[in-house]
Amino acid sequence: MFECAIVGGGIHGTYVCQRLLEDTTLERDEVLVVDPHERLLESFRRKARACEMDELRSTFVHHVGTEPFGLESFAEGRGRTDELLPTPGYPQRPTLSLFLDYADYVIEGNDLDSLHRQASVDAICRTEHGDGLVLETTAADGAGSSEAIRTRNCVLAIGHGGRYRKPAWADGVDSITHVWDGFDPETPAEETIVVGGGITAAQLATCLAEREREAVTLCSRHELETATSEADPRWINWNHIENHLHRQPAGSQDRYEIVRTARNDATVPQTLLERLESAVDDGPLSIRYGDVRSARDVDGQMRLLLETGGCLSADRVVLATGFAPVFEHPFVDRVADELDLERGYRGMPVLDDETLAWSRTDGGESSLFVTGVLAAGTIGPFAGNIAGARRAADRLTDAIAASDRLPLAAD
Ligand SMILES: Cc1cc2nc3c(=O)[nH]c(=O)nc-3n(C[C@H](O)[C@H](O)[C@H](O)COP(=O)(O)OP(=O)(O)OC[C@H]3O[C@@H](n4cnc5c(N)ncnc54)[C@H](O)[C@@H]3O)c2cc1C
């Protein structure tokens, strides 16, 4: 039996894995990361590639390593400090290539790939004696073989769980793709419509337009708004989180609304907006504001009808409309039902604020811990971001270390 299995090998899963190895007495053969991709962080790499992201929105201290200034030292040691980009009124931000090269350095340096099992977890249930959990997995080996992995503790680090928000008007029009669901920016097109009003839409529209071979229309339902980071940086501070979030009951609507209001969702950093505006001035990019009412594919030409009555037409339509809500994810539903875990407003997991253990409906604590956007009710608006990984690991690592090798009470 493993001491801790981590479901998800993205930024959070990879980070938590290191913290468990560094901060607890767990040995390497007692920790496992289960993720269906061929390598750790692959899901993040693919999304970044699909929207042609070239720099991080977050600062150089937010990365996959456990040393806050590790990425900066890495850049200095390799003569790459020019990839730490100045940002007015904000610390420097790394280029994507520096961020990923440092991530590879961390993963290789700690041989984390050897702890990765390439499979997806379909369900989690209790062991027959109640002394741990069983992860039902399907291997990503093409044969789809299944395996049951036994573990005393488990950390859910599934990010948004790979489900993307697709507006109702796009239903049934197969040729409309979501940017993170099969879109390849290298596929040439003469005209593209990018639907969305946040950083991903702005990034993709700008990069496609800068190639000077295609006309791009960015279709946003609202005026583009600027914000440097995903929320006020004070939300990174644990005291601030305790004072402003934890005084509301765990799982409550109040917590949900505090997080929602604090997030700068659907905003664009000023530097990107300036690039976008010069692409508009230069001609290849135009912006249309309005809600889409309906979409049609007419002989390979996409037509979007706007609520205002206007019409847009192009070779292809790409959605940059974000993720489907993870609190309502079918996998999360299955796990919560099977393990009798408590849900709050809109399905939000009810976590112990001190340990990030998901509370059971009978009031007891489970050995299932949560990090990433699924832990937003405890970690706050940066839960799903890179900064949230450190905040979450600070809590759950201690809790897993404390439970290390203690006999678990049978249910
Ligand atoms: C293009 C882009 C740019 C971004 N830029 C920034 C930025 O600059 N700064 C910042 O802080 N944040 C940024 N973000 C947010 C970013 O996604 C998060 O910071 C980070 O990826 C979240 O990490 P995660 O591990 O929670 O999720 P992910 O990186 O999505 O990883 C989750 C992993 O879990 C796996 N998984 C899901 N379900 C299962 C299952 N049932 N079984 C096994 N494995 C499973 C998935 O396959 C995936 O590999 C950006 C996001 C995108 C898409």
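Everything quoted here is computed from the prediction, not taken from an experiment.

Draft legend 1. Layout of the packing of helix α3 (residues 70–77) against helix α4 (residues 96–109). Orientation of α3 relative to α4, taken along the N-to-C sense of each, is 100°, at an axis distance of 10 Å. The orientation of α3 relative to α4 falls into the category roughly perpendicular. The segment α3 lies against α4, with G70, L71, F74 and A75 engaging L98, F99, D101, Y102 and Y105. A breakdown of the residues in the contact of α3 with α4 according to their chemical character gives seven nonpolar, one polar and one charged.

Draft legend 2. Focus on the state of the cysteines. Tallied over the full model, the rule gives zero disulfides. We note that C4 lacks a disulfide partner, and the nearest cysteine sulfur, in C154, lies 6.8 Å from it. Looking at the unpaired C17, the closest cysteine sulfur is the one in C4, lying at 8.6 Å.

Draft legend 3. Spatial organisation of the nonpolar core. Of all hydrophobic cores here, the largest spans 109 residues; its most connected members are I6, I124 and L368. Looking at which domains feed residues into this core, each of domain 1 (2–162 + 324–403) and domain 2 (168–230 + 265–319) gives three or more. Here I6 is in contact with G13, V16, C17, L20, V31, L32, V33, V34, V155 and A157, once residues within four sequence places are set aside. Counting residues in each nonpolar core, the second largest holds 16 residues, with I176, M302, A314 and L319 among its members.

Draft legend 4. How the structure looks around helix α11 (residues 386–403). The end-to-end C-alpha distance of α11, which contains 18 residues, comes to 26 Å, matching closely the 26 Å that a straight helix rising 1.5 Å per residue would cover. Largest kink in α11: about 30°, centred on A393. Counting buried residues along α11, 13 of its 18 residues qualify, which places the element largely inside the surrounding structure.

Draft legend 5. Expanded view of the packing of helix α1 (residues 11–23) against α11. Relative orientation of the contacting elements α1 and α11 amounts to 40°, with a least axis distance of 9 Å. Between α1 and α11, the interaxial angle falls into the category oblique. Seen from above, α1 lies across α11 with right-handed handedness. Contacts between α1 and α11 involve I11, H12, Y15, V16, R19, L20 and D23 from the first element and I386, G388, A389, R390, A393, D394, L396, T397 and I400 from the second. For the contact of α1 with α11, the residue count by class is nine nonpolar, three polar and four charged.

Cut-offs and rules
- Residues numbered from 1 in each chain as written.
- Predicted model: local features only at pLDDT ≥ 70, side-chain atom pairs only at ≥ 80, totals over all residues.
- Heavy atoms only, no water.
- Axes fitted to C-alpha atoms, helices over the stretch in contact; angles between N-to-C directions.
- Helix = DSSP H or I, 4+ residues; strand = E, 2+ residues; numbered from the N terminus.
- Parallel < 35°, antiparallel > 145°, perpendicular 65-115°, else oblique.
- Contact = heavy atoms within 4.5 Å.
- Nonpolar A, V, L, I, M, F, W, Y, C, P; charged D, E, K, R; others polar.
- Disulfide = S-S within 2.5 Å.
- Core = buried A, V, L, I, M, F, W, Y, C linked by side-chain atoms within 4.5 Å.
- Buried < 20%, exposed > 50% of the residue type's maximum accessible area, 1.4 Å probe, protein only.
- Domains from an automatic or database assignment.
- Expected span 1.5 Å × (residues − 1).
- Bend = angle between axes of the 7 residues up to and from the residue.
- Left-handed = near helix turned anticlockwise from the far one by under 90°.

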